[in-house]
Every structure is written in structure tokens, then in C-alpha cells.
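# Report on the structure
Take a look at the letters that make up each chain.
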Amino acid sequence: MDKIRDVYKQEKELLRLAMQQSFLKEEEEPIYNRVLEGMEHGAVLDIGCNDGTRTVDRFGTDRVSKVIGVEYHRELADRANSNHGGGKFHFYQADAESSGFEDSLENIMEIFGIEGFDIINISFVLMHLKDPGKLLSRMKNFLKPGGTLTSVETDDRFSRMLPDKEGRMKQFLEFCRKDMLSGRRRLGGDVPDMLELCGYQDVLVHSRCISASASEKNRKEQMFEIAFSWLLEDFEQMCRIYPENQEYARIKTEIAENYEKFRIDFTEKSTEVSCGLVMVTGVR
Ligand SMILES: C[S@@+](CC[C@H](N)C(=O)[O-])C[C@H]1O[C@@H](n2cnc3c(N)ncnc32)[C@H](O)[C@@H]1O
């Protein structure tokens with residue numbers, strides 16, 4: 001499992017995340033603004049906060065006075081603290097799936113006098129967990145009554161490219177599905193049901209995908225980079241981890257052969273594209 005998660009420490013992946021962050025900021029902002037509306041002295045928990053950049057982006061507002069970020073990788077949590085820590089931001093190393101997670105969280109809350117969180121944010125993390133429903137259920141108790149859980153997750157079932165005569169989108173989405181390093185890529189659409197099953201109220205799906213029209217070449221280029229640029233490297237890494245796996249070797253070759261053709265089709269002036277990205281909120 002550590003091999004899988006290690007990808008988040010790599011510099012290239014951090015750069016890709018940075019690009020994803022600035023692109024997504026625009027898409028997400030109205031939803032976070034809605035959740036933050038009217039809040040005063042809010043307390044936020046950000047699970048899987050990576051190096052803290054997005055945590056600060058999302059919750060730097062004056063409406064929030066305490067932000068706790070937790071991250072599986074110690075060096076990322078340390079980096080988050082040295083870049084953004086102090087003041088209202090505090091980052092900790094913790095595994096959200098470990099049995100001791102609730103105790104650690106209670107200790108942290110005690111230090112800061114937090115009785116419950118106004119917002120618990122889990123974005124692009126559930127797809128990497130063994131049991132995402134379990135974490136959603138456990139975290140409900142850490143929200144204040146009326147507090148909101150915010151989730152952003154990929155779902156390739158909502159991804160489209162039109163036209164796609166060669167079937168390249170379908171082919172690459174299938175490669176994504178077989179990429180064990182990129183998590184469960186069809187999880188986003190299941191999050192609303194998971195939240196309802198855990199007893200969250202007012203479950204709202206704010207968006208199922210981000211789209212670009214035929215004329216938005218720049219936007220399509222960015223979307224392609226965010227959605228597919230990591231794929232070849234993932235399969236190279238998987239071939240190193242599992243040298244005997246013939247399917248990974250075949251897919252790696254097919255990606256190398258077809259990536260540029262796919263990029264041209266995706267960004268072509270007559271092509272419309274959508275990438276599945278499900279943004280959901282639920283209230284305790
Ligand atoms: C794709 S990044 C998402 C970062 C950020 N939340 C965002 O929205 O861009 C996933 C992060 O979750 C962390 N993570 C994965 N499993 C975790 C766990 N069980 N406990 C805490 N963090 C975890 C990874 O190490 C990684 O930094």
C-alpha cells in the first residue's frame with residue numbers, strides 16, 4: 001500500500017496537483033463559498049491535505065479561524081506546516097483509516113478547544129481508501145450538528161469526448177480503470193448514496209463533471225493534462241513493481257503509442273469534452 005501512496009510525494013505529481021489545484025479552484029469556489037456563507041470563527045478538518053496548498057486555498061477565508069489538516073505522509077504534513085503552519089493552520093501526520101485515528105483527532109481537537117467541526121473536507125482521497133464509507137460514517141460524529149461534509153471525487157462514468165470515432169476516450173478510460181495507482185476512478189457518483197446511508201442530511205450533488213466546449217482549446221489542454229498526463233508514468237511504475245504482469249506491459253506500450261493521437265483528438269477544434277468530477281455535500 002505504501003508503494004501506491006508514495007506517488008503523492010513525487011515532485012512531478014506535486015506539480016500536476018498544483019496545476020489541477022489552480023484549474024479546479026475556479027470550479028469549486030462557488031460550492032465552498034456556499035458552504036462557508038454566514039460562517040463565523042469556523043473550524044475545518046481537511047483529510048488527505050497533501051502539502052496543504054489546497055487547504056489554504058479553500059479555507060484561507062476570514063470566516064474560518066481554525067483549520068486542521070491531516071495527511072498520511074509525514075514529509076507532506078511537515079512541508080504543509082513549514083509553508084503554511086502557525087496562525088490558523090495546523091497540519092498533522094495521521095492515517096485516516098487507522099484504528100487510532102479518532103483518538104488522535106480528539107487529542108488535536110482538545111489542544112485547540114474544538115468541540116466539533118463546521119466543515120470536514122475530503123477531496124480526492126476517498127477513491128484511495130480501502131473502505132471510504134467507513135470513514136464517512138466515522139467522521140459524521142466529528143461534525144457539529146449542522147456541520148457540512150464536502151467531497152470532491154473523480155468519476156470516469158461521466159467522462160465524454162465527442163466526436164470520438166477512434167474510441168480513444170473509451171480506450172484511455174479503460175487504462176485509467178486498470179491503473180491501480182490512481183484509485184477507484186468510478187467512486188464519485190457513489191458518494192451521495194454513501195452519505196445518505198451514513199445518515200447525512202440534505203445530500204446535494206453540485207456537479208458531476210467539468211466540461212469544455214469545442215472552442216475552448218486552452219481549457220481542453222489543461223483538462224487533458226490533469227486527467228491523463230500521469231498515466232504513462234503510473235504504468236511504468238506498475239511495470240517496475242510487477243515485472244511479470246503482461247497486461248501492464250501491453251497497456252504501457254499502447255499508452256506510449258496512442259497518447260499523442262489522443263491528445264490531438266481531445267484538444268481538436270471540433271471536439272467537446274467532459275471529465276467526471278463529482279462534488280457533493282452532506283450535513284450532520
Ligand atoms: C490526490 S491527493 C489530494 C490532495 C488534496 N486533498 C486535494 O484536494 O488536492 C490525496 C492525498 O490524500 C492522502 N491520503 C491517502 N490516503 C490517506 C489516509 N488514509 N490518511 C490520510 N491521508 C491520506 C495522500 O497521501 C495524498 O496526499
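Residues numbered from 1 in each chain as written. Predicted model: local features only at pLDDT ≥ 70, side-chain atom pairs only at ≥ 80, totals over all residues.

Now for the overall build of the protein chain. When its secondary structure is counted, the protein chain shows eleven helices and eight strands. Here the protein chain has a C-alpha radius of gyration of 19 Å; the compact-globule value for 284 residues is 19 Å, and the two agree. In terms of its C-alpha atoms, the protein chain occupies a principal-axis envelope of roughly 55 × 40 × 35 Å. Relative to its 284 residues, the protein chain shows a buried fraction of 39%. The long-range fraction of contacts in the protein chain, counting pairs at least 24 apart against all pairs at least 6 apart in sequence, stands at 75%. (Helix = DSSP H or I, 4+ residues; strand = E, 2+ residues; numbered from the N terminus. Rg over C-alpha atoms; globule rule 2.2 N^0.38 Å. Buried ≥ 20, exposed ≤ 12 C-beta atoms within 10 Å, placed from the backbone. Contact = placed C-beta atoms within 7 Å.)

Next up on the list: the site of the ligand. Close contacts around the ligand come from 21 residues, with Gly 48, Asn 50, Tyr 72, Ala 96 and Ser 123 the closest. Its residues placed into classes, the shell around the ligand shows ten nonpolar, six polar and five charged. (Near = placed C-beta within 6 Å. Nonpolar A, V, L, I, M, F, W, Y, C, P; charged D, E, K, R; others polar.)

What follows is about unusual backbone geometry. Following Leu 162, the chain continues to Pro 163 via a peptide bond in cis, the omega torsion being -5 degrees. Its place among the elements puts Pro 163 in the loop between strand S6 (160-162) and helix H7 (168-178). In the Ramachandran plot, His 41 falls in the positive-phi region, its phi being about 55 degrees despite a non-glycine side chain. Tracing the backbone through its elements, the reader meets His 41 in the loop between helix H2 (11-36) and strand S1 (42-47). Classification of His 41 by C-beta neighbours within 10 Å gives exposed; the count is 11. Backbone geometry places Asn 50, a non-glycine residue, at a positive phi of 55 degrees. Position of Asn 50 among the secondary structure elements: in the loop between S1 and helix H3 (53-59). Asn 50 gets classed as buried once you count the C-beta atoms within 10 Å, which come to 26.

Okay, the environment of His 206 next. Mapping His 206 onto the fold places it in strand S7 (residues 201-212). Along the backbone, His 206 and Arg 157 are 49 residues apart, and their C-alpha atoms lie at a distance of 16 Å. Apart from the residues lying within four places of it in its own chain, the contact partners of His 206 are Ile 31, Met 279, Val 280 and Thr 281.

The geometry of H7 relative to helix H11 (residues 246-267) is characterised by a closest axis approach of 10 Å and an angle of 135 degrees between their N-to-C directions. Considering the angle they form, H7 stands oblique to H11. Pair H7 / H11 crosses with left-handed handedness. Where H7 abuts H11, its residues Arg 168, Phe 172, Phe 175 and Lys 178 lie against Ile 251, Ile 255, Asn 258, Lys 261, Phe 262 and Asp 265. For the contact of H7 with H11, a count of residues per class yields five nonpolar, one polar and four charged. (Axes fitted to C-alpha atoms, helices over the stretch in contact; angles between N-to-C directions. Parallel < 35°, antiparallel > 145°, perpendicular 65-115°, else oblique. Left-handed = near helix turned anticlockwise from the far one by under 90°.)

In the contact formed by helix H9 (residues 217-228) and H11, the axes pass within 9 Å of each other and the chain directions differ by 145 degrees. As for the relative orientation of H9 and H11, their crossing is right-handed in sense. In this structure, H9 uses Lys 217, Lys 220, Glu 221 and Phe 224 to contact H11, whose residues at the interface are Arg 263, Phe 266 and Thr 267.

Moving on: the pairing of strand S4 (residues 117-123). The side chains of a regular strand alternate, first on one face of the sheet and then on the other. Of all the seven residues making up S4, seven are buried; the element is thus mostly covered by neighbouring parts of the structure. Note: S1 against S4, four bridges, orientation parallel. Pairing of Leu 45 across the sheet is with Ile 120, part of S4. Alignment of S4 against strand S5 (residues 143-154), held across six bridges, turns out to be parallel. (Pairing = 2+ DSSP bridges.)

Turning to the pairing of strand S3 (residues 89-93), a few remarks are in order. Bridge count between strand S2 (residues 64-71) and S3: five bridges; the pairing is parallel. Note that in S3 the partner of Val 70 across the bridge is Tyr 92.

On to the nonpolar core, then. In this structure, Val 44, Phe 117 and Ile 120 are the most contacted members of the largest nonpolar core, which totals 67 residues. It is strand S8 (residues 272-283) that provides the largest number of residues to this core, a total of six residues. In contact with Phe 117, other than residues within four places in its own chain, are Ala 43, Val 44, Leu 45, Phe 142, Leu 143, Lys 144 and Gly 147. (Core = buried A, V, L, I, M, F, W, Y, C linked by C-beta atoms within 7 Å.)

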